[in-house]
Amino acid sequence: MAIVALAIDAVLPALDIIGLAVGVTNIIDTQQLIIMIFLGLGIGPLFFGPISDSLGRKPVVYLGLVLFIMASLICIYAKSFEVMIIGRVLQGIALSAPRTISIAMVRDSYSGDFMARIMSFITVIFLLVPIVAPAFGKWILDAYNWQSIFYAQLIFAVVIALWFWRRQPETLSAENKIPLSKHIFVNGFLELIKYKRTIGLTLISGFIVGSFLVYLSAAQQIFQNQYNLKEEFPFIFAGLAISIGLATFLNGTLVVRFGMEKIITISLIAFSIVSISYVALFYTSSNPSIEILLLFFALQFFSIGFLFGNLRALAMQPIGHIAGIGAAITGFISTLMSVPISTFIGKFVTDSAMPLFIGFSICSVISLLILYYLKTQVRQEQLKKV
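A. How the structure looks around the packing of helix α10 (residues 196-226) against helix α13 (residues 290-305). Where α10 contacts α13, the two axes come as close as 12 Å, and the packing angle between them is 155°. One element, α10, and the other, α13, form an angle in the roughly antiparallel class. Helix-helix and strand crossings are classified by hand; for α10 and α13 the assignment is left-handed. Across the interface between the two elements, I208, F212, Y215, I222 and F223 of α10 pack against I290, L293, L294, F297, F301 and I304 of α13. Each residue belonging to the contact of α10 with α13 can be placed in one class, and the counts come to eleven nonpolar, no polar and no charged.

Here it is, written out as structure tokens:
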């Protein structure tokens, strides 16, 4: 999963330079270099998930890493914006294999709140990379060129592949393998939609990821262009990533004590309060000072840190018998939601960070309504049993 974070965040300091190299005239269009990799991350699991349920987890990860190397070479030699976008989409498709299969492997091996604890620690690794990735990307950019950032990703992928081969055993037992057929996706989807809780939590995940994706794609523009902090940008990005990592690390302990559902509820409420407060305070004014903006971002991302792993883990809890296809479909739905959400909101992030917080507010309120509906359904089912 760390490869995914590196592929997304290491190129952030070079977005404007890559844009010029491939003929981008509108700087807002460079956001697509981040958003489109998420499109691939949403599409890829539809192929890799079912295959992993049939052939096993490890072969699918290897297949994804090989495709990632090919996609990275397309990005390196891209001469037009369209070819670069194709390369980024293919990178996303390729990386969806290790990203999705990692979740399936956790579900193969663990369950309940302990599964959420393991998921939290894995997510910490995923979130530690953004702390160093922008600074790493900027160092490579200053020392060499933007193409070298993609070469570094290739080297990292090879090292991880060797480590994975040596250290990670196969987690899909022979008796749980599902014969590969043309109906495997349809059957898996029909099985999945029986679980309203899984679908509802996946929709919440889509809104949260979509709002966060706006930040990822627009961060460079906000800090470098709106606040003129080009040199400081990697360190600002790293500092904000620490707030997510801290929350995710704390979640590993707290989730066993309080449970996933309670933490999700409290975190969603906090996420909503912080974003709505920013909108109320600064709606009629320009950007606040950088210190105030960073404070609000840190509070938002601290809340998000408790949501990422718990939402996926709680959504996966009822569907352990179809973990591969389940992780694929839930990942596809949430990512497919996040791309248009982030693309739409991102268009308004031109000279102010306000559209980003308005997007946070809307997505968090909708998520709370979905969560309230799910809780109501659970209560009704309990009353029927009584």
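There's more to say after this.
B. View of the nonpolar core. Within the largest apolar cluster, 127 residues are counted, with the highest numbers of intra-cluster contacts made by Y215, F223, L293 and F297. Broken down by element, the residue count for this core peaks at 14 residues, all from α10. Not counting residues within four places of it along the chain, the set of residues in contact with L293 comprises I222, F223, Y227, Y278, P288, A353 and F357.

C. The arrangement of helix α15 (residues 323-346) in detail. Taking 1.5 Å of rise per residue, 24 residues should cover 34 Å, and α15 covers 33 Å from first to last C-alpha, within 8% of that figure. Burial of α15 is extensive: 20 of the 24 residues sit out of reach of the surface.

D. Looking closely at the packing of helix α1 (residues 2-9) against helix α8 (residues 146-167). Two elements in contact, α1 and α8, have axes separated by 10 Å at closest approach and are oriented at 180°. By the angle class used here, α1 and α8 are roughly antiparallel. On α8, the residues that touch A2, I3, L6 and A7 of α1 are Q153, F156, A157 and I160. Grouping the constituent residues of the contact of α1 with α8 by class yields seven nonpolar, one polar and no charged.

E. Structural context of the packing of aromatic side chains. Applying the stated rule across the entire model yields 22 aromatic pairs. Pairing Y62 with F164 gives two aromatic rings, centres 5.8 Å apart and planes at 80°, and the pair type is edge-to-face. Residue Y62 is located in helix α5 (residues 57-76), and its partner F164 is located in helix α8; the two are separated by 102 residues in the primary sequence. Relative accessible area serves as the criterion here: at 16%, F164 is assigned to the buried category. A centroid spacing of 6.2 Å and a plane angle of 35° characterise the contact between F223 and F233, whose relative ring orientation is tilted. Here F233 lies in helix α11 (residues 233-258) and F223 lies in helix α10, a separation of ten residues in the sequence. The residues F223 and F233 share a single accessibility class, namely buried. The side chain of K58 reaches across the aromatic face of F164, ending 5.5 Å from its centre. One Lys or Arg, R166, reaches over the ring of W165 and ends 5.9 Å from the middle of that ring.

Cut-offs applied
- Residues numbered from 1 in each chain as written.
- Predicted model: local features only at pLDDT ≥ 70, side-chain atom pairs only at ≥ 80, totals over all residues.
- Heavy atoms only, no water.
- Axes fitted to C-alpha atoms, helices over the stretch in contact; angles between N-to-C directions.
- Helix = DSSP H or I, 4+ residues; strand = E, 2+ residues; numbered from the N terminus.
- Parallel < 35°, antiparallel > 145°, perpendicular 65-115°, else oblique.
- Left-handed = near helix turned anticlockwise from the far one by under 90°.
- Contact = heavy atoms within 4.5 Å.
- Nonpolar A, V, L, I, M, F, W, Y, C, P; charged D, E, K, R; others polar.
- Core = buried A, V, L, I, M, F, W, Y, C linked by side-chain atoms within 4.5 Å.
- Buried < 20%, exposed > 50% of the residue type's maximum accessible area, 1.4 Å probe, protein only.
- Expected span 1.5 Å × (residues − 1).
- Phe/Tyr/Trp six-rings, centres within 6.5 Å; stacked < 30°, edge-to-face > 60°.
- Lys NZ or Arg CZ within 6 Å of the ring centre and 35° of its normal.

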